[in-house]
Amino acid sequence: MSKRHPIIAVTGSSGAGTTTTGQIFNRMFASEGLNAAMVSGDSFHRYNREQMARLAAKGQFGERNHFALAANHIDKLEALFYDYGHTGNGRYRQYVHDEDRELLAAGHKPGTFTPWGPLPPETDLLFYEGLHGGVVSESFNIAQYVDLLIGVVPIVNLEWIQKIHRDTHKRGYSQEAVVETIINRMDDYVHDIVPQFSHTHINFQRIPLVDTSNPFVVRDVPTEDESMLVIRFREPSEVDFPYLLQVIANSSLSRHDTLVIPGTKMALAMDLLVRPMVQRLMARKPFA
């Protein structure tokens, strides 16, 4: 049975900026009149918040580390991608965040999951944002089902700074606890997260232009104004680099497959680069 229904996935680690990228896609889908099935990688975690806390109290960091494939329902994610690509349907659930007013109003507890159920009917495409949209391992091959796979990858020092700032300022953790978490999940980061960025069609990597040599003492997250974006394409022959260099001010090429732009131009670049790809995916979709 041939694949008929498009899947777009944005993959990146915690604090990398995949959520912001998802918001850009949401606006893009709305302006294109597309009804997307929105799926979050958080909903495929194996443990809820209370279970994670109990495991952490026992020192079982590997078991509760969301980076690790074993701590996620990767089999269910792969089944969803396969089913949606071939039928336009599939099963998923939602993770209930503290700010999810609609789910909270429906009686769901923060830090838990909704029951597994079917995707909304009659969607035009599936959009995934999370940790494991490009996994290829001995047991799983998620990437093969994704029509457009995008990596959002700050350099690791910036990623750590963003996580430390978010978890201490917004989630109430001590800096020592956040640093311990970073250290305990490093092996899974290296083996389960990083390899995905070799399978992406496009990578967006934010590079700070300020000193982040010791991310554990930096007080402020470098701003977009203090950053550049390095954008790498798997198929550079399909990219109109002269046009992009003309319309994105202060952009340049660092390699034949790599565009460098100001950090403030993320949304513009995403629109210029990705919107035509989405349009082509939808044009190839057989509606009959």
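Per-chain numbering applies: the sequence of each chain, read as written, is numbered from 1 onward. Confidence filtering applies because this is a predicted model: local features only for residues at pLDDT of at least 70, side-chain atom pairs given and counted only at 80 or more, and all residues used for totals across whole chains, interfaces and linings. For side-chain calculations, the full set of non-hydrogen atoms in the structure is used, while hydrogens and water are omitted.

**Points about the overall build of the protein chain**
The criterion, for reference: Secondary structure elements are taken from DSSP: a helix is a run of H or I of four residues or more, a strand is a run of E of two residues or more, and numbering for both begins at the N terminus. Here the radius of gyration uses the C-alpha set of atoms, whereas the globule reference equals 2.2 Å times the residue count to the power 0.38. Only heavy atoms matter for contacts: two residues are in contact if any of them lie within 4.5 Å across the pair. For every accessible area listed, the method is Shrake-Rupley and the probe measures 1.4 Å; residues are considered covered only by the protein chains on display. Working convention for charge: Lys and Arg count positive, Asp and Glu count negative, and His plus the chain ends are omitted. Note that the charge is assigned to NZ on lysines, CZ on arginines, CG on aspartates and CD on glutamates.
The secondary structure content of the protein chain amounts to ten helices and ten strands. Scaling as 2.2 N^0.38, a compact globule of 288 residues should have a C-alpha radius of gyration of about 19 Å, and the protein chain matches this with 19 Å. When its C-alpha atoms are laid out on the principal axes, the protein chain stretches across 55 × 50 × 40 Å. Contacts in the protein chain between residues at least 24 apart in sequence constitute 72% of all its contacts with a sequence separation of at least 6. Split by element, the accessible area of the protein chain, about 14400 Å² in all, is 50% carbon and sulfur. Taken together, the 28 basic and 33 acidic charged side chains of the protein chain have centroids lying 3 Å from each other.

**With respect to the pairing of strand 9 (residues 252-255)**
Note the following rule: Here, strands pair whenever DSSP counts at least two bridges between them.
Sheet topology places strand 9 next to strand 10 (residues 258-262); three bridges connect them, and they run antiparallel. The partner of Ser252 across the bridge, within strand 10, is Val260. Once strand 9 ends, the chain turns through two residues before running back antiparallel as strand 10.

**Overview of the packing of helix 6 (residues 156-169) against helix 7 (residues 175-184)**
Relative orientation and spacing of two packed helices are given, respectively, by the angle between their axes and the distance between those axes. Put simply, the test is: Structural elements are reduced to axes, namely lines fitted to C-alpha atoms, with helices fitted over the stretch in contact, and the angle between N-to-C directions of any two is expressed from 0 to 180 degrees. Any angle from 65 to 115 degrees is called roughly perpendicular, while one under 35 is roughly parallel, one over 145 is roughly antiparallel, and all others are oblique. When the near helix sits turned anticlockwise from the far one by under a right angle, the crossing is termed left-handed; a clockwise turn instead gives a right-handed crossing. The nonpolar class holds Ala, Val, Leu, Ile, Met, Phe, Trp, Tyr, Cys and Pro. Asp, Glu, Lys and Arg form the charged class, and all remaining residues, Gly among them, are polar.
As a packed pair, helix 6 and helix 7 sit with axes 9 Å apart at the nearest point and diverge in direction by 140 degrees. Between helix 6 and helix 7, the angle is such that the two are oblique. Regarding helix 6 and helix 7, the two cross each other, and that crossing is right-handed. Two secondary-structure elements touch here, helix 6 through Trp160, Lys163, Ile164, Asp167 and Thr168 and helix 7 through Gln175, Val178, Val179, Thr181 and Ile182. Here the residues of the contact of helix 6 with helix 7 are counted per class, giving five nonpolar, three polar and two charged.

**Here we look at helix 7**
Applied cut-off: Whether a residue is buried, partly exposed or exposed follows from its accessible area with a 1.4 Å probe, protein chains only, as a fraction of its type maximum: under 20%, in between, or over 50%, in that order. Directions drawn from the helix axis to the C-beta atoms are what define this arc.
By the burial criterion, the buried members of helix 7 are Val178, Val179, Thr181 and Ile182. Looking down the long axis of helix 7, one finds its buried residues gathered within 155 degrees of arc, a one-sided arrangement. Exposed and facing more than 90 degrees away from the buried side of helix 7 are Glu176 and Ile183.

**A few points about the packing of aromatic side chains**
Keep this limit in mind: Pairing of aromatic side chains here covers Phe, Tyr and the six-membered ring of Trp, requires ring centres within 6.5 Å, and sorts the geometry by plane angle: under 30 degrees stacked, over 60 edge-to-face, intermediate tilted.
Scanning the entire structure with this criterion turns up ten aromatic pairs. Summarising the aromatic geometry, the rings of Phe25 and Phe29 are spaced 5.6 Å apart at their centres and angled 45 degrees between planes, so their arrangement reads as tilted. Here the residue Phe25 and the residue Phe29 both occupy positions in helix 1 (residues 18-32), the gap between them amounting to four residues, near one helical turn. Of the two residues, Phe25 and Phe29, neither departs from the other in class, the shared state being buried.

**Examining the pattern of salt bridges**
Rules: The rule for a salt bridge is simple: a side-chain nitrogen of Lys or Arg has to be within 4 Å of a carboxyl oxygen of Asp or Glu.
All chains considered together, the criterion is met by six salt bridges. Among the salt bridges present, the one from Arg275 reaches Glu32, with a minimum N-O distance of 2.7 Å. Of the two residues, Arg275 sits in helix 10 (residues 266-284) while Glu32 sits in helix 1, which places them 243 residues apart along the sequence. Relative accessible area serves as the criterion here: at 19%, Arg275 is assigned to the buried category. Given the relative accessible area of 28%, Glu32 is considered partly exposed. Of the charged contacts in the structure, one is a salt bridge between Asp271 and Arg275, with a shortest N-O distance of 2.6 Å.

**Examining helix 4 (residues 74-87)**
Note the following rule: Expected span of a helix, by definition, is 1.5 Å for each gap between consecutive residues, and there is one gap fewer than residues.
The end-to-end C-alpha distance of helix 4, which contains 14 residues, comes to 20 Å, matching closely the 20 Å that a straight helix rising 1.5 Å per residue would cover. Considered for burial, the residues of helix 4 that qualify are Ile74, Leu77, Glu78, Leu80, Phe81, Tyr84, Gly85 and His86.

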